[in-house]
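Listed below, chain by chain, are the residues.
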Amino acid sequence: MNRNGHYGPYGGSYVAETLAQPLDELASAYFEAREDPSFRREFEELLRDYVGRESPITVCRRLSAALGGATIALKREDLNHTGAHKVNNTIGQALLARRMGKKRLIAETGAGMHGVATATVAALFGLPCEVYMGALDVERQAPNVERMKMLGAKINAVTEGSATLKDAMNEALRDWVTNCDDTFYVIGTAAGPHPYPEMVKDFQSVIGREARRQCLEKFGRLPDQAIACVGGGSNAIGLFAGFMDDPSVRLVGVEAGGRGIASGEHAASITGGRIGVLHGAKTMLLQTADGNVIDTYSVSAGLDYPGVGPEHCHLHDTGRAEYVPIDDAEAVAAFDALCRYEGIIPALESSHAVAEAIRRAPSLPKDALLLVCLSGRGDKDMESVRRYKNENENR
Ligand SMILES: *Cc1c(COP(=O)(O)O)cnc(C)c1O
């Protein structure tokens, strides 16, 4: 990566002239904060005392035995406060907002998980919070809308375009242009214009740092493969960060294959997309022949980001990481397997990563170790799983 946030041909900052200055201000403030021991200490204290870190590593004994190959182990981000990895990032950005003297947080959200994580830290820091959400998503994600309201956030339903995540991103950027003097824009994944991809990676890299040390302590060795689901790519880049300089560790990102890549109904931006500009950065994205952003589909709403973080595009091009799709049926089967073999109800997003481990384990030797990032818990997904099973039994 160079100083302007380019990863090969990806990343950078493709925004309206009026946002160049607030992004510069953000980058300077962040790079200064990152070097400040008191900023780092406060971040680490909150991760420990509020989020409940460190999160453990759990070996899937029964599941691994049933598959008869590699050992599968989970990095348990599902045990964090609020039930997923997203809060690692929102805490970091809220600390930075306070340091910069900003008085208001805004965010965009699709499935509502990032909205909830932002509303959570807004309450913790006593800052007002507004969340932009496509009107269609407001309907589809009613429980998370209730959670955000409970936590004191204001929801702005966006009716423009297809009334989904990409429209909410545009509206949030518009709000930020107008109010950047007093407002901090909290982006929820390792994407968007520079410096967001780098900043979000830094905040999420606690996942990989802990996991590397824990693997050495617990197994006396590094994993053979580190596997994570990829929406925008924040839990994956956080895990990968811990193993980037360990060439023996294969890095595997799992995209949402939805109803299959050939169906066109998926969210696999690297597998099925082309380079373009989204959310203020160059990225691989799902688009029509004439460059319109396509709405994504997945059984798991949290993987529905139509682009992907620029560093993942670059890791794909250089071959340091590989990216594969898992479709709805495989993800739901993995969801069931983790419930029944291990007593863990995973998020549907994370179930995609579990599914890829299940696919790889049987053909690997018994002493191989697959480390999966269990990015979140599945309590939120009961209704989606029930609906998926009903629809697919009636076929
Ligand atoms: C939002 C979410 C994801 C996808 O986001 P990334 O930025 O790709 O990590 C994955 N898992 C869970 C549980 C989520 O809530």
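None of the values given here were measured: they were computed from a predicted structure. (Residues numbered from 1 in each chain as written. Predicted model: local features only at pLDDT ≥ 70, side-chain atom pairs only at ≥ 80, totals over all residues. Heavy atoms only, no water.)

Peer 1: So what's going on with the environment of Cys 339? Which residues, and what values?
Peer 2: Along the chain, Cys 339 falls in helix 14 (residues 328-342). Through-space distance from the C-alpha of Cys 339 to that of His 312 is 30 Å; in sequence the pair is 27 residues apart. Excluding residues that lie within four positions of it along the chain, Cys 339 makes contacts with Ile 344, Ile 345 and Pro 346. (Helix = DSSP H or I, 4+ residues; strand = E, 2+ residues; numbered from the N terminus. Contact = heavy atoms within 4.5 Å.)

Peer 1: Kindly report on the packing of helix 2 (residues 37-51) against helix 4 (residues 86-99), identifying the contributing residues and their values.
Peer 2: Packing of helix 2 against helix 4 brings their axes to within 10 Å, and their N-to-C directions diverge by 140 degrees. What the angle tells us is that helix 2 and helix 4 run oblique. Pair helix 2 / helix 4 crosses with right-handed handedness. Counted together, Phe 39, Glu 42, Phe 43, Leu 46, Leu 47, Tyr 50 and Val 51 of helix 2 and Val 87, Asn 88, Ile 91, Gly 92, Leu 95, Leu 96, Arg 98 and Arg 99 of helix 4 form the full contact between these two elements. Here the residues of the contact of helix 2 with helix 4 sort into ten nonpolar, two polar and three charged. (Axes fitted to C-alpha atoms, helices over the stretch in contact; angles between N-to-C directions. Parallel < 35°, antiparallel > 145°, perpendicular 65-115°, else oblique. Left-handed = near helix turned anticlockwise from the far one by under 90°. Nonpolar A, V, L, I, M, F, W, Y, C, P; charged D, E, K, R; others polar.)

Peer 1: For the packing of aromatic side chains, give the residues involved together with the corresponding values.
Peer 2: Tallying each qualifying case throughout the model produces six aromatic pairs. Ring centres of Phe 43 and Phe 203 lie 5.1 Å apart, and the angle between their planes is 55 degrees; this geometry places the pair in the tilted category. Of this pair, Phe 43 sits in helix 2 while Phe 203 sits in helix 9 (residues 196-204), placing them 160 residues apart in sequence. Here Phe 43 and Phe 203 have matching classes, each one buried. (Phe/Tyr/Trp six-rings, centres within 6.5 Å; stacked < 30°, edge-to-face > 60°. Buried < 20%, exposed > 50% of the residue type's maximum accessible area, 1.4 Å probe, protein only.)

Peer 1: Outline the site of the ligand, supporting the account with residue identities and numerical values.
Peer 2: In the neighbourhood of the ligand, 17 residues make up the surrounding shell, with Lys 86, Thr 189, Gly 231, Ser 234 and Ser 375 lying closest. Between the ligand and Lys 86 there is a distance of 2.7 Å, counted from an oxygen atom to a side-chain nitrogen or oxygen. Gly 233 places a main-chain nitrogen or oxygen 2.7 Å from an oxygen atom of the ligand. (Near = heavy atom within 4 Å. Polar contact = N/O pair within 3.5 Å; in protein donor to acceptor, adjacent residues only side chain to side chain.)

Peer 1: Could you give an account of the state of the cysteines, with specific residues and numbers?
Peer 2: Using the criterion set out here, one finds zero disulfides in the structure. Counting only cysteine sulfurs, Cys 180 is the nearest neighbor of Cys 129, a cysteine outside any disulfide, at a range of 18 Å. The thiol of Cys 373 is unpaired, and the distance to the nearest cysteine sulfur, on Cys 229, comes to 7.1 Å. Judged by relative accessible area, which is 0%, Cys 373 ranks as buried. (Disulfide = S-S within 2.5 Å.)

Peer 1: Account for the sheet that holds strand 13 (residues 321-327), with residues named and values stated.
Peer 2: Pairing between the strands of a sheet comes from backbone hydrogen bonds, and it takes one of two forms, parallel or antiparallel. With respect to topology, six strands assemble into an open sheet ordered 3-4-14-9-10-13, the strand pairing being mixed. A single partner strand is all that each edge strand has here, and the edge strands are strand 3 (57-59) and strand 13. Neighbour to neighbour, the strand axes of the sheet diverge by 25 degrees on average, direction disregarded. Contacts from helix 10 (residues 206-219) reach strand 3, strand 4 (71-76) and strand 14 (369-374), with the element oriented near 50 degrees to strand 3. Sheet contacts for helix 15 (residues 348-360): strand 4, strand 9 (225-229), strand 10 (250-258), strand 13 and strand 14; angle to strand 9, the most-contacted strand, approximately 145 degrees. (Pairing = 2+ DSSP bridges.)

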